[in-house]
Amino acid sequence: MNLTTELDRRAWVVQVMGLPVSVHLRGPEVHTDTVAERVERVFAELGEMDAVFSTYRPESVLGRLGGAVPDPATAAPVVREVVELCELARARTGGWFDARHLPLPGGGTGFDPSGLVKGWAVERAARHLADLPEHDLCLNAGGDVLLRTAPGRPAWLVGIEDPDRPERMLDVVERAGGAVATSGTARRGAHILDPHTGRPAEAVRSVTVVGPELLWADVYATAAAARGADALDWLATLDGYAALVVDAAGRVRATSNWPGTRAGTQTRAA
Amino acid sequence: MRRITLWLLATVATVVLLFSYKTSTMGAGGDTSAIASGSDGSTGSSWSGTDAGSTGSGLSSGDTSGGSGGTSGGSGGTSGGSGGTSSGSGNGTATGAVAQTRWGPVQVRITVSGGKITDVTAVQVPDGNHRDQEINDYAVPVLRQEALAAQSARIDTVSGATVTSDGYRESLQSAIDAAHLK
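Bear in mind the structure is a predicted one, so any value in this text is a computation, not a measurement. (Residues numbered from 1 in each chain as written. Chains lettered and ligands numbered in written order. Predicted model: local features only at pLDDT ≥ 70, side-chain atom pairs only at ≥ 80, totals over all residues. Heavy atoms only, no water.)

Caption draft 1: Quick peek at the sheet that holds strand β5 (residues 136-141) of chain A. Residues and elements named next belong to chain A. Strand order across the open sheet formed by eight strands is β1-β2-β5-β6-β9-β10-β11-β12, with antiparallel pairing between neighbours. Each end of this open sheet is capped by a strand with a single partner; those strands are β1 (9-16) and β12 (252-254). Between one strand and the next, the sheet's axes are offset by a mean angle of 10 degrees, whatever the strand orientation. Across six bridges, strand β2 (residues 19-26) lies against β5 in antiparallel orientation. Its bridge partner being in β5, V21 is matched across the sheet by A141. Sitting on the sheet, helix α6 (residues 214-227) is in contact with β6 (144-148), β9 (178-184) and β10 (204-211), with an inclination near 25 degrees to β9. (Pairing = 2+ DSSP bridges. Helix = DSSP H or I, 4+ residues; strand = E, 2+ residues; numbered from the N terminus. Axes fitted to C-alpha atoms, helices over the stretch in contact; angles between N-to-C directions. Contact = heavy atoms within 4.5 Å.)

See below:
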């Protein structure tokens, strides 16, 4: 019997931002009202951000803009922050993450920051749980995971889903903190577009990125899936992030710094 | 076919997770509390083992497929139950509660040896027509493999392509979540 299993663990799951979001906490006070109220704040804030950013809601800030980029001069601070982060993401991914010309739920194309907002909002909302000493956090938002552990605690074990058989794991990584994000076509079909052609990116089945920040792990995974063929070479250039890629033929490859049991692949960039 | 396989897997995975959770967390003579309450179709569960001081209180996880928190869409209630054991070194079997599914009742049994799950078998599966037989022939061996794999990995969470509410009901993540809701 080890320390992990002696800790109380509790989970909460709420459907928010169109996703099942689960919060797991390990620690002595998980059954107290104080902790439950903190968790409620996390979900409440995710709901508030969805009300601002969802392109599926005609009454949201983004919905009212109908695909136009919000004007940073007049936008609310959170909206300005997201617009700026989208620009930064575009720069950091060499244009492969581009929120400006995406298909909109109501038809047509336009600005849709959803691919970045999820990671950003989850990291932001998780601050409500930041000052719970002695508690470990494992937050899963529709397959993208944010992790924290108190000093001396065992790491969380994160299974990486096989895109062709979602009930099977390709690998398991042990993480004490940071993020694990996966993008791909497994559950929603080819919804990631090549921003240069506007066509669905299909060369890559699934990309999982592990690293310090959920926002960037998620953005890098999406950009890599859009890149297709040279995804792994590009991922290997990212400082502090490691990745596992499943291509359309089912071949599984990882960057040389991949923390799981899959052997890393030597890439040209590595 | 695929739906019921994944759905059955979630049930089995819940049983496995509940079981391993209890196995590893309970102190000797420890009290067991329901991990989640399920009122639908559960007919109880049992544990028989060789551990002294084993407490066999049933655990049932309500509605593993419909999701936790009562926020996702409704679904047929399922209940995976498992018996508790008082130490991690037990031997014996745990039989899950009967889950009433739209295809009929489903019940699984887990065999433990030296504190590890060594086998998963279906005690009750729907039968009576060709399609059900087909499901049994295919789904049960798959379930067994997957449940054993899930245990050996002992994962806390699953990272995968974006899960929607529909997909969540059938996901391993929903089973992991259900095992810790209370």
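Caption draft 2: Here's a closer look at α6(A). All names here are of chain A. Between its first and last C-alpha, α6 extends 20 Å over 14 residues, near the 20 Å set by a 1.5 Å rise per residue. Among the 14 residues in α6, 14 count as buried, and that is most of the element. Note on α6: the residue one or two positions beyond its end, G228, has a positive phi of about 80 degrees. (Expected span 1.5 Å × (residues − 1). Buried < 20%, exposed > 50% of the residue type's maximum accessible area, 1.4 Å probe, protein only.)

Caption draft 3: Broad picture of empty space enclosed by the protein. Under the defined criterion, the tally for this structure stands at two cavities of 30 Å³ or more. For the largest cavity, the calculated volume is near 90 Å³. Around the largest cavity, the lining comprises 15 residues; the ones closest to its centre are N140(A), G143(A), V158(B), V163(B) and Q173(B). For the lining of the largest cavity, the elements supplying multiple residues, two or more each, are β2 of chain A together with β8 (157-159) and α4 (172-180) of chain B. Considered class by class, the residues forming the lining of the largest cavity number four nonpolar, eight polar and three charged. (1 Å grid on protein atoms, 1.4 Å probe; cavity = no way out; pocket = protein on both sides within 12 Å on 5 of 7 lines; lining within 4 Å. Points joined across faces, edges and corners; volume = space filled by probe spheres on them. Nonpolar A, V, L, I, M, F, W, Y, C, P; charged D, E, K, R; others polar.)

Caption draft 4: Representation of the packing of helix α4 (residues 77-92) of chain A against helix α5 (residues 114-125) of chain A. Residue and element names in this part refer to chain A. Look at α4 against α5: their axes get within 11 Å of each other, and the N-to-C directions meet at 125 degrees. The orientation of α4 with respect to α5, classified from their angle, is oblique. Seen from above, α4 lies across α5 with right-handed handedness. Contact residues: V78, E81, V82, L85, C86 and A89 in α4; L116, V117, W120 and R124 in α5. Taken together, the residues of the contact of α4 with α5 sort by class into eight nonpolar, no polar and two charged. (Parallel < 35°, antiparallel > 145°, perpendicular 65-115°, else oblique. Left-handed = near helix turned anticlockwise from the far one by under 90°.)

Caption draft 5: Region of the structure containing the packing of aromatic side chains. Residues and elements named next belong to chain A. On inspection of all chains with the given rule, the structure shows four aromatic pairs over all chains. With a centroid separation of 5.5 Å and an interplanar angle of 80 degrees, the aromatic rings of F53 and W120 are classed as edge-to-face. Of the two residues, F53 is situated in helix α2 (residues 33-53) and W120 in helix α5; the sequence distance between them amounts to 67 residues. By relative accessible area, which is 3% here, F53 ends up buried. Taking relative accessible area as the criterion, W120 reaches 5% and is therefore assigned buried. For the pair Y220 and W234, a centre-to-centre distance of 5.8 Å together with 80 degrees between the ring planes defines the contact as edge-to-face. Of this pair, Y220 sits in helix α6 while W234 sits in helix α7 (residues 231-235), placing them 14 residues apart in sequence. (Phe/Tyr/Trp six-rings, centres within 6.5 Å; stacked < 30°, edge-to-face > 60°.)

Caption draft 6: Looking closely at the nonpolar core. Residues and elements named next belong to chain A. By size, the foremost hydrophobic cluster in this structure holds 69 residues, and its most contacted members are L25, F53, L116, W120 and L139. Among the elements that take part in this core, α6 stands out by supplying 11 residues, more than any other. Counting 15 residues, the second-largest nonpolar core is a separate cluster that includes L147, L170, V210 and L244. (Core = buried A, V, L, I, M, F, W, Y, C linked by side-chain atoms within 4.5 Å.)

Caption draft 7: How the structure looks around the sheet that holds β8(B). Across the sheet, three strands lie side by side as β8(A)-β7(A)-β8(B); this open sheet has mixed pairing. With partners counted over all chains shown, the strands left at the sheet margins are β8 (165-175) of chain A together with β8 of chain B, one partner each. Across the sheet, the axes of successive neighbouring strands diverge by a mean angle of 40 degrees, strand direction being ignored. Bridge count between strand β7 (residues 156-162) of chain A and β8(B): three bridges; the pairing is parallel. Along β8(B), the bridge assignment pairs V158(A) with T157(B).

Caption draft 8: Here's a closer look at the environment of S159(B). One can find S159(B) in strand β8. Taking the C-alpha atoms as reference points, S159(B) and Q173(B), separated by 14 residues in sequence, lie 8.8 Å from one another. Discounting chain neighbours no more than four positions away, the residues touching S159(B) are G143(A), V145(A), V158(A), G159(A), I160(A), E161(A), V180(A), A181(A), T182(A) and T208(A). A polar contact of 2.7 Å, which involves the side chain of S159(B), links it to the side chain of T182(A). (Polar contact = N/O pair within 3.5 Å; in protein donor to acceptor, adjacent residues only side chain to side chain.)

Caption draft 9: Here's a closer look at α2(A). All names here are of chain A. Between the first and last C-alpha of α2 there are 30 Å, a value that for 21 residues agrees with the 30 Å anticipated at 1.5 Å per step. For α2, every residue scored as buried is listed here: V35, A36, R38, V39, V42, F43, E45, L46, M49, D50, V52 and F53. Of the surrounding secondary structure, the elements contacted by the buried residues of α2 are β1, β2, α3 (61-65), α4, α5 and β5.

Caption draft 10: Looking closely at the side chain of D144(A). Residues and elements named next belong to chain A. Its location among the elements puts D144 in strand β6. Polar side-chain contacts of D144 include one of 3.0 Å to the backbone nitrogen of T182. Residues contacting D144, with those up to four places away along its chain left out, are K118, L139, V180, A181, T182, L214 and D218.

Caption draft 11: Examining the confidence of the model for chain B more closely. Residue and element names in this part refer to chain B. Scored by pLDDT, chain B comes out at a mean of 51, with 13% of its residues at no less than 70. The spread of mean pLDDT over the elements of chain B runs between strand β2 (residues 59-62), the lowest at 31, and β8, the highest at 91. The low-confidence segment residues 1-7, where pLDDT is below 50, has 20 contacts with residues more than four positions distant or belonging to other chains. Note on residues 16-89: pLDDT is under 50 here. Beyond four places in sequence and across chains, it has 192 contacts. Interface confidence for the predicted complex, expressed as ipTM, amounts to 0.89; the pTM equals 0.69. (pLDDT = per-residue confidence, 0-100.)

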